[in-house]
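Here is how the chains run, residue by residue.
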Amino acid sequence: MSDLAERIEALERLDLSALREHWPARFGPMPPIRSTAFFRMLLAWRLQAEAHGGHSRDTKLELKKVGPVATSAQQLGVGTVLERSWKGALVRVEVAEEGFRYGGRTYSSLSRIAQEITGTRWSGPRFFGLRS
């Protein structure tokens, strides 16, 4: 196994606070992410980008054309798991092709899940740490 593969695999054993310790020294200001799974993916991508050069010039130009990415199941990637601690309980939501799975049900938006969990209206992406 390569050193890069070992470093990425080691991320799986870290909790959110341990993952956050790795960020500032290497990458600068901390992103406003509260999802352990999403933070792991971001760190893994950054480690790979350091090793292999990141996006090509053409890809960077295409991404600039697209603009900000709105949160949706398709854009997060099927199988992604979002985690958030709420009042001492771990909340886990899985991204599915048809939406977001939580508590045995499928929802069309993260905001509906956040509202069910908290009892008040929330921005789902903000609740799960995808937006500041």
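Rules and cut-offs
Residues numbered from 1 in each chain as written. Predicted model: local features only at pLDDT ≥ 70, side-chain atom pairs only at ≥ 80, totals over all residues. Heavy atoms only, no water. Helix = DSSP H or I, 4+ residues; strand = E, 2+ residues; numbered from the N terminus. Buried < 20%, exposed > 50% of the residue type's maximum accessible area, 1.4 Å probe, protein only. Contact = heavy atoms within 4.5 Å. Pairing = 2+ DSSP bridges. Axes fitted to C-alpha atoms, helices over the stretch in contact; angles between N-to-C directions. Phe/Tyr/Trp six-rings, centres within 6.5 Å; stacked < 30°, edge-to-face > 60°. Lys NZ or Arg CZ within 6 Å of the ring centre and 35° of its normal.

1. Quick look at the overall build of the protein
Then comes step 1: For the protein, the helix and strand inventory stands at seven helices and four strands.
Then comes step 2: For the protein, the succession of helices and strands along the chain, N to C, is α-α-α-α-α-β-β-β-β-α-α.
Then comes step 3: A principal-axis box enclosing the C-alpha atoms of the protein has dimensions of 45 × 35 × 30 Å.
Then comes step 4: Counting the 132 residues in the protein, one finds 33% classified as buried.
Then comes step 5: For the protein, restricting intrachain contacts to residue pairs at least 6 apart in sequence, the fraction spanning at least 24 positions comes to 34%.

2. Focus on the sheet that holds strand 1 (residues 81-86)
Then comes step 1: If you trace the four strands from one edge of the open sheet to the other, you get 1-2-3-4, paired in antiparallel fashion. Pairing within the sheet leaves two strands with one partner each, and these edge strands are strand 1 and strand 4 (105-107). Along the sheet, successive strands turn relative to each other by an average axial angle of 30°, direction set aside.
Then comes step 2: Summarising the sheet, strand 3 (residues 99-102) and strand 4 pair through three bridges and their orientation is antiparallel. Looking across to strand 4, one finds that Arg-101 is bridged to Thr-106.
Then comes step 3: Along the sheet, helix 6 (residues 110-118) makes contact with strand 1, strand 2 (89-96), strand 3 and strand 4, crossing strand 3 at roughly 25°.

3. As for the packing of aromatic side chains
Then comes step 1: Within this structure, the stated rule accounts for six aromatic pairs.
Then comes step 2: Among the aromatic side chains, those forming a connected cluster through ring pairs are Trp-86, Trp-122, Phe-127 and Phe-128.
Then comes step 3: Over the ring of Phe-127 we find Arg-84, and its NZ or CZ is 4.3 Å from the ring centre.

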